[in-house]
Amino acid sequence: MAMEGMGVLGGAPRFLRFPRPVRVVSGTDAILRCCLTGSPPPTVLWEKDGQALEASSRLRLQTEGAEHSLLVRGAGAPDAGVYVCRAQNSSGEAYAAAALTIQEQPPDAAPIPAEGSSNSAEESPSSVPLRGPLPLARTLSPLHTASTCLSSEPAQTHTLPQGIPGLLPEPLGGSPMFLEGPQSQWVQQGEEVVLTCRVRGQPEPAVHWEKDGRLLEDIWESSHFCLAEGPVGAGVHELRIRGIRLPDAGVYVCHASNTHGHVVAAALLQIQPSPDAPLGSPRQAQRDSAGQGSPAPKSFWVSEGKHAKFRCYVTGKPEPETEWHWEGHPLSPGRRRLLYRDRDGGFVLKVLYCQPADCGLYVCAARNTAGHTLSAVQLHVREPRVRFAVPLEDVEGEEHGDAVLECQVPSRGITTTWYREDQRLLPSPKYEMGEAGVIRRLIIHDLEADDDGIYLCEMRGRVRTVATVAVRGPIRRRLPRKLDVLEGENAVLSVEVGEAEVLGHWTRDGQELPASPRILQTSSNHTHTLVLVGVTRQDAGVVTFSLGPSHTSSRLRVKCVKQVPPGPPVAVELGTGGSNAALLSWKPPVPTPDTAYSYRLERQEVGTDAWAQCLTTEAAGAVEVPGDSVPTEGDYRFRLSVVSEHGQSPYILFPGSVHLVPTARVQRALQDVCVREGDDATFFLELSTAVQGTWFLNGTELKAGGPESQGYLVQQQGTQHNLLLRATRLQDSGTLVTFLCPGVHVSATLHVQEPPVRIVLPQEKVSIEAMSPERLVLTCELSRAGAPVHWYKDGLEIEESKALILENEGLQCRLVIPAAQPQHGGEFVCQAGEDSAFFMVTIKEPPVRIIFPQEEVSVAAESSERVVLRCELSRAGVPVLWSRDGMVVKESDSLVLEREGPCCLLTLPSAQPQDGGRFVCEAGDNLAVFNVTITEPPVRIVQPQDEVFLTAMTSERVVLMCQVSRPGALVGWYKNGMEVKESKDLVLESEGLQHRLVLPAVRPQDGGEFVCSTRDDSAFFTVTVTDPPVRIISPQDTVSVAALSSEPVVLMCELSRAGAPVRWYKDGLEVEESKALVLESEGPHHRLVLPAAQPQDGGEFVCKAGEDSAFFKVTITEPPVRILFPQDEVSLAAVSSERVILMCELSRAGAPVRWYKDGLEVEESEALVLESEGPHHRLVLPAAQPQDGGEFVCDAGDDSAFFLVTVTVPPERIVRPSARFLQLQFRSPGRVELRCEVAPVGARVCWYKDGLEVEASEDLKLGAEGPVRTLTLPHARPEDAGEYVCETRDEAVSFDVRLAESPVQFLLPEVAPSPLSVSRGEQLVLSCELSRASAPVFWNLNGSRVLEDGNLELRSEGPRRLLLIRAAHPSHSGNYTCQAGSDPGAPTLTFPVQVTEPPVRVLTPEASRTGVRCAPGRDLELAVCLSGPGGAVRWYKDGERLASRGRVRLEEAGARRVLRVRGARSGDAGEYLCDAPQDSRIFLVNVEEPPQVKLVSELTPLTIQEGDDATFRCEVSPPDAEITWLLNGTSVTPSSRVEISQNGPNHTLTLQGCRMSDSGMVTARTTGAETTARLHVREAELLFLRRLQDVRTEEGQDLCMEVETSRVGVKGIVSWFRGGKPLPEDDRFSVVQDGRVHRLIIRKVTVSDQGIYSCKSHHDRTQARLLVRPEQLKVRHRLEDVVVTEGGSATFQLELSQSGVVGEWARGGVRLEPGRNCQISAQGHNHSLVLSGLGLADTGTVSFTTDTLRCAARLEVKEIPLAIVRGLQDLEVMEGDSATFECELSRTQADLTWDKDGQELSPSPRLRIQALGSRRLLQLRHCSPADAGTYRCSVGNAQATTARLTVLKREVSVLLELKPVRAREGDGATFKCTVSEPDIPGCWQLGGRILRPGGRVRIRQEGNMHSLMLNELQAEDSGEIQFQAGQAKSSTQLEVEALPLQICRKPPREKTVLAGRRAALEVTVSRAGGHVRWLLGGVDLPPGPKYEFRSHGVTHSLIIHNVQPTDEGTYCCQAGEDSASTNLLVESS
């Protein structure tokens, strides 16, 4: 057993193979074997029954390396039992047990060898052999799950739900299938468990079991489990586990496999610990272990906030049970304690974010039946020097609620970062982060289950405080945030919910996870589990469990098991298997892969980038790739790789390429074509490849590219071939079209059809209009005669009849309608073949006319009368359209439409007024108009006749009544021109002729003008509601009230009546009721109560009721405040971080106190707390710092207390080195270490380089051990030189680090180079190697600098330096010096070089003797090519020298020398010699007829790289045959790049330094034969010689990244990328090319520019990382103190070193937000704050804070003196207008007085005095001349301001005079007059009588226009109308023409009354005021007691009192010329 902490301490004993149980027969030998390892090698002991075994004659202990064995000779019954192998070393111990069973031997049985021994060949009868190998499955944690089945071959496996085996189909191909899988179980420790499954397949599957991916026999002893099978053929398999133990929990997998496939079924086993079988106490186990000599617990240190990981590896058999303990208490998993088992079998305890409370002894205890052991470690948590003042505390929150985490940092300005475990949190709507002084707060909104976890707040230096957030909700235990699983393992996710048996849902990436053989979802009680069996990469994603609105998620990551891919094939060769094929051969890879593999062959056409797969094969050897397999003709190359289940090997490229030509095949066949005569015919054919072909027409070849007049067109586009035959003829039908090409012969037939018949005329649609009954003819002309024609009308075919005649004559076809009728109209179609002609026929009748009426008719009728409108037409049956007022009428009960022949009638049976209007009868184009008017008798208002004026008091009932002339008439009520609505306060009643408006309880606002209006008449009511004015009875004078602070003050005011509204004012502002000011009302008494008056409550109070006011002057005073303690100055001394309390006791509680430090008022913060408790006031410094010292003052207004505070801190000193400045010299590269020793030990230091604070990295390490602080540069470079400063709080040490590079030395050549001699034209290379790769060198020739050109190149290859001269020239001779560096003493190396002219050699022919054959008569030419021009040669024949004469010519052309003999003869044969100074060639010439030339071998295609040489060879017969070389059809001659040679029959063409343009066809041509091959020049690879290097820079700097390529390329040949994407379009990025050097320049680098930069060519790629350090933020221009006066504005400006910085402005520690009085702006580097409207309370400190700095300044606001800022202005107003004086003061609070002409003014209804802030107003209403005068405003001692008021008298004149009006009696009259001034009241008079509104009189005024309306004029109204406004007057005459008086309603003709009663006769005349006469027998009746005359408006009555029989007779009423009579009859009573 081994314990590991934060790493692997390896070396503990570990069993590689456990001992197995052994069963032997009594008397035989038994051997127990095991294999284990450990470091140091462990000591092995064997035990039995707790006793150690020692070697003896019967017991033999053997050790061979890692193998250990125990041999028991002649084993008997006493030897049976459990044997324990125990291994122990200094790192730990391990043990395993195995059982030895002894069986008695049967008398007749042969001895059975011991099981487990080397001779054992049998297996235990209780076990089943396991066959494999099979894939392993592993679970991460033993969670509750159900069984599942999974097949490795899903396509061949069928699964059905458990329990329905009868429905299961037979397995396909006999593959295994689970009919029933094992069931998941939850059992009690110690019980027996049986897992059963049923499987079938053919052949019968082999079955074996695994637990957590391990075979059972590898982890268990055989006695612990038993495997059994059911009846043969049943397929039942059973795993029985005896005495279940806790480690047995896990996932059990049953594997079934046969030759057809493999399936698995899984189940989960969970074990409930038994209460009577706990693990032993760790303390007791520790004491037992200590007694055995175990080592003391190890100590493990971890910094606070870091993780501590302990790993305990326990081995044993049976598998041990383990448990973790802390300080003797068992541990269970939690949020910060993780307990799990890793993949190596180790037991892990991980303590997250360690805190001091986690310190203690951690023990891992393990035991099994063989024994027990433990391992312990002591955890120590190292606390940081700087700690959080108040750490975080654990919180709980409800789901969907909020959680608040809060901590305190040591001081303000410290930046903090929030984390949720390892995820950094940023401000968002979810996470709200706040700072307030030293408080740091995180608010988590809308809590979810996934918010449950660990939260950290971290400040600089990785100092952390940790807390857990527990989310209470439906989900109790959430999913882990992430889960890593190896591919093929089982992934198990489990959650715990609050309620049992609830339904949850599992999803992955938002998609529901359905149940399947691979996805198992189970739930048991409170636990829900998801199991993914054998996960794959597709299973990765976010898995979510949802329960209602709650959810929790986990990211599942699937990691692939890294497998070693196979190696590539070897011995690859490319050959030509035939004329059009490639033969490829190879051998298998070495070593041969263990798994099945295959070969993948791919091809690529030379010159392209794409590779295509050719084939896949499993056999190595050779394959042939035919030309038919490639898509197009070209040169192809091939590559091969090996593919297995572990991956794919690198590709291996076959050398060379091969030219392949595809064979054409028909892809789309040729088809017969059918066209009409005259049309074009197109034949189309598509082949598999692009080849040339030939078209034939009836056997005649068609030539491509001929003129268009030939009648056809041949086209080819790639693989498509087209033949176009133009303007086919009928006789061409049956023509055979054939296409021929190699391998293709296809034909098709042309079919030509007769053209269809066409309609020549008409071409367009014809429209025909005719009158009934005209003759109509439709004509259609065809393209040919005799064609059938069909006629159609409206879509139906026409049948010939008398009314429709069809005619045909030649090409014309006609349709004749002899007598057209309207029904004959419609669309006619003439159809001939597929063509049609259209005719639109319209038959019209003659128009209809209206005979009667001819003119507009007016019809007038009374309501309910019958109205008939009649219209007569010219003929019957014509439709007519009736309309009224433009709307078509519809027939109804009230409107009837009738027809009588040509007459059309519209009847209104009972006409109503609304039925009137303009009726129109429309027939065709004629109209008949009827104007119908329906009238009703007018509705009149009988009572009242005049305007009614009503005056009422508040709450009285008011009834307005109006009587109309007839019942049912509509009446509307209006108030002040607006129609009233009925409500509780206004009731409308109607009863017969009477209509009433009732106001049940009238209010003042109910007053106004009411109008009762009918359609024809109106009645006016003026209602006035009065309310008695309210007055203030008491007090009458101003009341002065004086009180002490906190006393109650009551102001009382008594009104004249109760319920009147009252308003209270204080200092001109209306008061609001609060706890400190209570308003009370009781009847007429009103009170204002101040329960505890304070001094600020004093002032002037006003109680205002109506127009009356009462004034109260309130003064509140306090006694002076005294400081009781301390009486003298107090001096305090404290040490840094101590708590300091300054206390002051006052004479009374609640008195305001101010604290000052060094003269400035203090601001409360986390570092300074102000407390108050009764009369005691305290200033607390929780953790005093030296800067907190100073003089503190407690100011209580009238008294002060002084405190002198001194805070000291021990200095932080640098002990060593003693010097404060050191100069240090180091070598580069090398290690640099700077050391400082500080005191005290915990002192914190900061390291700076060149003024910038450094950060730890791989290249710079910061260390701290005890008092020593170190800065180490492991690999210092020259750029690391500079000034390094180690700084504590009080001291600093500076190190001037200088890095000197080691001097550059020449490593090679080791000795001085010897002189080098080269010939002219040869290549010259000078090379040397330096000791440093980056050292610069300079090349000189004879003291002059060497520069590169086209022939001379300087190279750098790492430490090597090369000078390359491609073609040496004599001028290159001299001493070449290579100097390393530019210093005068730099080392040099000299190379002496001599360039000489080369000897002249004969280059061609290469052979010394060459046979030449020449035909007689032809010229004989012998040519040699020398090594250089200018060489002299001599020619000899048979020893005689030849000269250029006669037939012999000697020619020179450059380096070529030619002997030419014209017209060769037989005598010219012989031996010719070409003699050069140092070389010669012999030619043996025969003059004879040349033999036939044959090509023995042809040229071979070549593919080479750009810059390489290409050599083509061919062999001819005879050898002397002449060869001509051509490149792309152009003859090739020898040159500097072209070399042509011959060696016997072999001819060679060499192209040196091939270019891309050299690609093409190379041809060797001779007489009668030629051979051709393709040359493909591949672009040379562009590689990077100098690659990109990682770069670090600071923001704002310019940066250059450069690479050097292997050759100079064209512009843009390399591309630059950032993060894999092209560079952004930004002017800051520029790319520069300088020869082979390519540079990327970035100007003004920003932080966003950092990332991975890469440079790519077509063949290479290099990348590097750019790291950008943010520019340090500094203050360029600091804030300055500002002093302003009250009400002014202050501007604070700050300039920073960086732009775009986000900061916060604060005043007095309170964050400022932009607003009306606060303007915050940031522009570039400048930040500004403008505060306006400042008051005295705004005095304080203004600060600007960012994450890294804080800047502050003082704002002081001074009180401004009281003065009048803006004085009064003279006013001039018109009489009656209002005048307002206004002035403005410098302060809002000030007392002010107004006076006029020296008399003080006080408020009144006409005079209002107001205070609006600093403004003071005096308003005079309805000014009169008496108000004119001088007004003055004075305030305090300030100068008064005066102004004069002038009141101008209004001058009113008439602008528009009245006009006379003449009207008839009963009509209305309107008079209008316009005056010069608006709003001037006017007065109207009629005949000297003043007119008032109401009744028949209505008066209106709109601005300066006045109007008078008189309704229902009477004759007596005639007279003078006069209007007067002010002094303006206007008058005119009203003339009323009287109407004759008529009797409208007459009395009955006869009336009978009883004697002695009263008789009444009543008439109604046409107008009121008319005079009537009553007569009896023609004699006027006199008024008296007998006869009473009554008159009321238009109603006149005769009352006859005490009627007697003598009163009978005829009574007549005479009104004007009208009269009415009544016969009065008297009956006796």
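Residues numbered from 1 in each chain as written. Predicted model: local features only at pLDDT ≥ 70, side-chain atom pairs only at ≥ 80, totals over all residues. Heavy atoms only, no water.

(A) Spotlight on the overall build of the protein chain. Of the regular secondary structure elements, the protein chain holds two helices and 189 strands. Taken over the C-alpha trace, the protein chain has a radius of gyration of 62 Å; the compact-globule value for 2029 residues is 40 Å, which it surpasses by more than 25%. Dimensions along the principal axes, computed over C-alpha positions, put the protein chain at roughly 190 × 140 × 110 Å. Per-residue burial over the protein chain gives 40% buried out of 2029 residues. Taking contacts inside the protein chain between residues at least 6 apart in sequence as the whole, the part at least 24 apart equals 64%. For the protein chain, the accessible area works out to roughly 107000 Å², and carbon and sulfur atoms hold 49% of it. If the 208 positive side-chain charges of the protein chain are averaged to one point and the 263 negative ones to another, these points end up 4 Å apart. (Helix = DSSP H or I, 4+ residues; strand = E, 2+ residues; numbered from the N terminus. Rg over C-alpha atoms; globule rule 2.2 N^0.38 Å. Buried < 20%, exposed > 50% of the residue type's maximum accessible area, 1.4 Å probe, protein only. Contact = heavy atoms within 4.5 Å. Areas by Shrake-Rupley, 256 points an atom, 1.4 Å probe, with all protein chains shown as cover. Lys, Arg positive; Asp, Glu negative; His and termini not counted. Charge placed at Lys NZ, Arg CZ, Asp CG, Glu CD.)

(B) Region of the structure containing the side chain of Ser-1373. By the element assignment, Ser-1373 lies in the loop between strand 124 (1360-1365) and strand 125 (1374-1380). A polar contact is formed between the side chain of Ser-1373 and the backbone oxygen of Pro-1370, at a distance of 3.1 Å. Those residues in contact with Ser-1373, other than ones at most four positions away along the chain, are Leu-1341, Asn-1342, Val-1393, Gln-1394 and Val-1395. (Polar contact = N/O pair within 3.5 Å; in protein donor to acceptor, adjacent residues only side chain to side chain.)

(C) Quick look at the packing of aromatic side chains. Under the criterion given, the structure shown has 18 aromatic pairs. Connected via pairs of aromatic rings, a cluster forms that spans Phe-300, Phe-310, Trp-326 and Tyr-362. Residue placement shows Lys-1656 over the ring face of Phe-1617; its charged tip is 4.6 Å from the ring centre. (Phe/Tyr/Trp six-rings, centres within 6.5 Å; stacked < 30°, edge-to-face > 60°. Lys NZ or Arg CZ within 6 Å of the ring centre and 35° of its normal.)

(D) Main features of the pairing of strand 184 (residues 1972-1976). Both strand 184 and strand 188 (residues 2009-2015) contribute to a ladder of five bridges, which runs antiparallel. For Trp-1974, the partnering residue across the bridge sits in strand 188 and is Cys-2013. Here strand 184 runs beside strand 185 (residues 1979-1980); their pairing, made up of two bridges, is antiparallel. Bridge pairing in strand 185 places Leu-1975 opposite Asp-1980. Hairpin remark: strand 184 followed by strand 185, antiparallel, with two residues in the connecting loop; positive phi at Gly-1977, about 65 degrees. (Pairing = 2+ DSSP bridges.)

(E) Main features of unusual backbone geometry. The amide bond that connects Gln-202 to the next residue, Pro-203, takes the cis arrangement and shows omega of -5 degrees. Positionally, Pro-203 belongs in the loop between strand 14 (193-200) and strand 15 (206-211). For the peptide bond that leads from Ser-1034 to Pro-1035, omega is 0 degrees, which places it in the cis range. Considering the arrangement of structural elements, one finds Pro-1035 in the loop between strand 91 (1032-1034) and strand 92 (1039-1044). Backbone geometry at His-400 places phi at a positive 70 degrees, although glycine is not the residue there. Of note, His-400 is situated in the loop between strand 29 (395-398) and strand 30 (403-408). Unusually for a residue other than glycine, Glu-421 sits at a positive phi of about 55 degrees. Residue placement: Glu-421 occurs in the loop between strand 31 (416-420) and strand 32 (423-424). On the basis of relative accessible area, Glu-421 is assigned to the buried category, the value being 17%.

(F) Structural context of the confidence of the model for the protein chain. Considering every residue of the protein chain, the mean pLDDT works out to 82; 94% of them sit at 70 or more. When the criterion is pLDDT under 50, residues 107-173 qualifies, and its contacts beyond four places in sequence or with other chains add up to 159 contacts. (pLDDT = per-residue confidence, 0-100.)

(G) A look at the nonpolar core. If you look at the biggest cluster of nonpolar residues, it comprises 24 residues, and the most contacted ones within it are Phe-178, Trp-209, Leu-239 and Ile-241. For this core, the secondary-structure elements that each account for two or more residues are strand 14, strand 15, helix 1 (216-219), strand 17 (225-229), strand 18 (236-241), strand 19 (250-258) and strand 20 (261-272). Beyond its immediate sequence surroundings of up to four residues, Ile-241 is in contact with Glu-191, Glu-192, Val-193, Trp-220, His-224, Phe-225, Asp-248, Tyr-252 and Leu-269. (Core = buried A, V, L, I, M, F, W, Y, C linked by side-chain atoms within 4.5 Å.)

(H) Broad picture of the state of the cysteines. A full pass over the atoms with the stated rule returns zero disulfides. The closest cysteine sulfur to the non-disulfide-bonded Cys-921 is located on Cys-871, 3.4 Å from its own sulfur. The exposure class of Cys-921 is buried, given its relative accessible area of 0%. (Disulfide = S-S within 2.5 Å.)

(I) Local environment of a nonpolar patch on the surface. A surface patch of nonpolar side chains, about 350 Å² in accessible area, is lined by Leu-1124, Phe-1125, Ile-1141 and Met-1143. Broken down by secondary-structure element, the contributors of at least two residues to the nonpolar patch are strand 100 (1123-1125) and strand 102 (1140-1146). (Patch = residues over 30% accessible without salt bridge, like charges linked within 9 Å, V, L, I, M, F, W, Y side chains within 5 Å. Salt bridge = Lys/Arg side-chain N within 4 Å of Asp/Glu carboxyl O.)

(J) Just the sheet that holds strand 87 (residues 987-991), in detail. Across the sheet, four strands lie side by side as 82-84-88-87; this open sheet has antiparallel pairing. Here the strands that pair on one side only, and so sit at the sheet edges, are strand 82 (941-943) and strand 87. Between one strand axis and the next, the sheet turns through 30 degrees on average, direction left out of account. In terms of strand pairing, strand 82 meets strand 84 (residues 958-964) through two bridges, oriented antiparallel. Of the residues in strand 84, the one forming a bridge with Ile-941 is Val-964. (Axes fitted to C-alpha atoms, helices over the stretch in contact; angles between N-to-C directions.)

(K) Spatial organisation of the pattern of salt bridges. According to the stated counting rule, one finds 89 salt bridges in the structure shown. Between Arg-240 and Glu-192 there is a salt bridge, and its shortest N-O distance comes to 2.9 Å. Placement of the pair is Arg-240 in strand 18 and Glu-192 in the loop between strand 13 (185-188) and strand 14, with a sequence separation of 48 residues. A relative accessible area of 25% means that Arg-240 is categorised as partly exposed. Given a relative accessible area of 45%, Glu-192 falls into the partly exposed group. The salt bridge involving Asp-1797 is made with Lys-1796; its shortest N-O contact spans 3.2 Å. You can call Lys-1796 buried: its relative accessible area is 17%. Within this structure, Glu-1353, Arg-1355, Arg-1366, Arg-1586, Glu-1602, Glu-1604, Asp-1634, Arg-1636 and Arg-1639 form a network of salt bridges that share partners.

(L) The sheet that holds strand 161 (residues 1740-1745), seen in detail. Judged by pairing direction, the sheet is mixed, and its five strands sit side by side in the order 155-162-161-157-158 without closing on themselves. The strands lining the two open edges of the sheet, one partner per strand, are strand 155 (1682-1685) and strand 158 (1710-1711). Of the strand pairs in this sheet, strand 157 (residues 1704-1707) and strand 158 are connected by two bridges, and their pairing is antiparallel. Pairing of Ala-1706 across the sheet is with Arg-1711, part of strand 158.

(M) Molecular detail of the environment of Arg-1355. Mapped onto the fold, Arg-1355 is located in strand 123 (residues 1352-1357). Residues Arg-1355 and Ala-1840, 485 residues apart in the sequence, show an inter-C-alpha distance of 98 Å. One polar contact links Arg-1355 to Glu-1353, side chain to side chain, over a distance of 3.2 Å.

(N) Fine view of a negative patch on the surface. Together, Glu-1406, Asp-1508, Asp-1509 and Glu-1539 line one region of the surface with negative charge. The topology assignment puts Asp-1508 in the loop between strand 137 (1502-1505) and strand 138 (1510-1517).

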